Amino acid sequence: MKRIFLSVLSSLFLLSVFSLAASADPIDVSTISCEKLASAYAAKTKDDISFVNGILNWMGGYHATADQGTVVDWDKLSDSFNKTVEFCSEHPGIGVLSATEKFMGENIEDASPESVDLAIVTCETVLTNKDVQKNIGDTFMWLAGYHASYNNGSTILDIEKFIKQTSDIADYCAANPKMSLVTAAEKFMSESE
């Protein structure tokens, strides 16, 4: 039952994030312009905001430094999203990857006590904690960016592969509730996959 629940949860997230992308073609996030991001944010439709949120969460993981590791301060990251959108509105000709470098990674404010180390979040917590479940889509997208950065710095977001990875993580977590979410993600998002 838990396996089905987590699979449904991740699938619902994926549908909302990628409903804007009609096809499942891989996206080179390095080609997304500030103009596209700012336009999507300004449109404020559910699909556009989901797209912006998904891409910025991916960027948050992608820019995480070795010192930051898997520690995520969602409030600070949200603040960096706002700064990125504002910057992009003022600089539409710049790429989102370059814009996010100004506010994420080594340029994000130090983590607060409310930060979460995804390495100690267990699969069981994902299956039972409503606060964690509410943000599971953001977490999966952050983890995808994080692993992309460590997989030769790839800027390709392959949506079909991502959907399969999150489904595999959900199944793995249901079968291994004591495993950390990061370990589960590494199993399916690492370069060897």
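The final tally for this structure, using the stated rule, is two disulfides. Ordinal numbering of bonded cysteines along the chain defines a disulfide pattern of 1-2, 3-4.

This brings us to the pattern of salt bridges. One pass over the full model with this rule turns up five salt bridges. A salt bridge links Lys 83 to Asp 79; the shortest N-O distance between them is 3.3 Å. Of this pair, Lys 83 and Asp 79 are both found in helix H4 (residues 74-90), four residues apart, which corresponds to roughly one turn of the helix. Ionic pairing is found between Lys 178 and Glu 124, a salt bridge with its closest N-O pair at 2.9 Å. Taken as a pair, Lys 178 in the loop between helix H9 (159-175) and helix H10 (181-189) and Glu 124 in helix H6 (residues 123-128) lie far apart in primary sequence, 54 residues in all. Looking at Lys 178, the relative accessible area reads 64%, which means it is exposed. Under the relative-accessibility criterion, Glu 124 is labelled partly exposed at 30%.

Turning our eyes to something else, we now look at the packing of aromatic side chains. This structure, assessed with the given rule, holds five aromatic pairs. Between Tyr 146 and Tyr 150 the ring centres are 5.0 Å apart and the planes differ by 50°, which places this aromatic pair in the tilted class. Of this pair, Tyr 146 and Tyr 150 both sit in helix H8 (residues 136-150), separated by four residues, roughly a single helical turn. Owing to a relative accessible area of 13%, Tyr 146 belongs among the buried residues under this scheme. Judged by relative accessible area, which is 46%, Tyr 150 ranks as partly exposed. Their ring planes at 70° and their centres at 5.8 Å tell us that Tyr 172 and Phe 188 sit as a pair that is edge-to-face. One end of the pair, Tyr 172, is in helix H9; the other, Phe 188, is in helix H10, and 16 residues separate them in sequence. Overall, Phe 188 belongs to the buried group, its relative accessible area being 13%. Three or more aromatic residues joined by ring pairs form one cluster here, namely Trp 142, Tyr 146 and Tyr 150.

For H9, spanning 17 residues, the distance from its first C-alpha to its last is 24 Å, which sits close to the expected 24 Å at 1.5 Å a residue. For H9, the set of buried residues is Ile 159, Phe 162, Gln 165, Thr 166, Asp 168, Ile 169, Ala 170, Tyr 172 and Cys 173. By the N-cap criterion, in which a side-chain oxygen at the helix start approaches the backbone nitrogen of a residue two or three places on, H9 is capped by Asp 158, the distance to Glu 160 being 3.2 Å.

Conventions and cut-offs
Residues numbered from 1 in each chain as written. Predicted model: local features only at pLDDT ≥ 70, side-chain atom pairs only at ≥ 80, totals over all residues. Heavy atoms only, no water. Disulfide = S-S within 2.5 Å. Salt bridge = Lys/Arg side-chain N within 4 Å of Asp/Glu carboxyl O. Helix = DSSP H or I, 4+ residues; strand = E, 2+ residues; numbered from the N terminus. Buried < 20%, exposed > 50% of the residue type's maximum accessible area, 1.4 Å probe, protein only. Phe/Tyr/Trp six-rings, centres within 6.5 Å; stacked < 30°, edge-to-face > 60°. Expected span 1.5 Å × (residues − 1). Polar contact = N/O pair within 3.5 Å; in protein donor to acceptor, adjacent residues only side chain to side chain.

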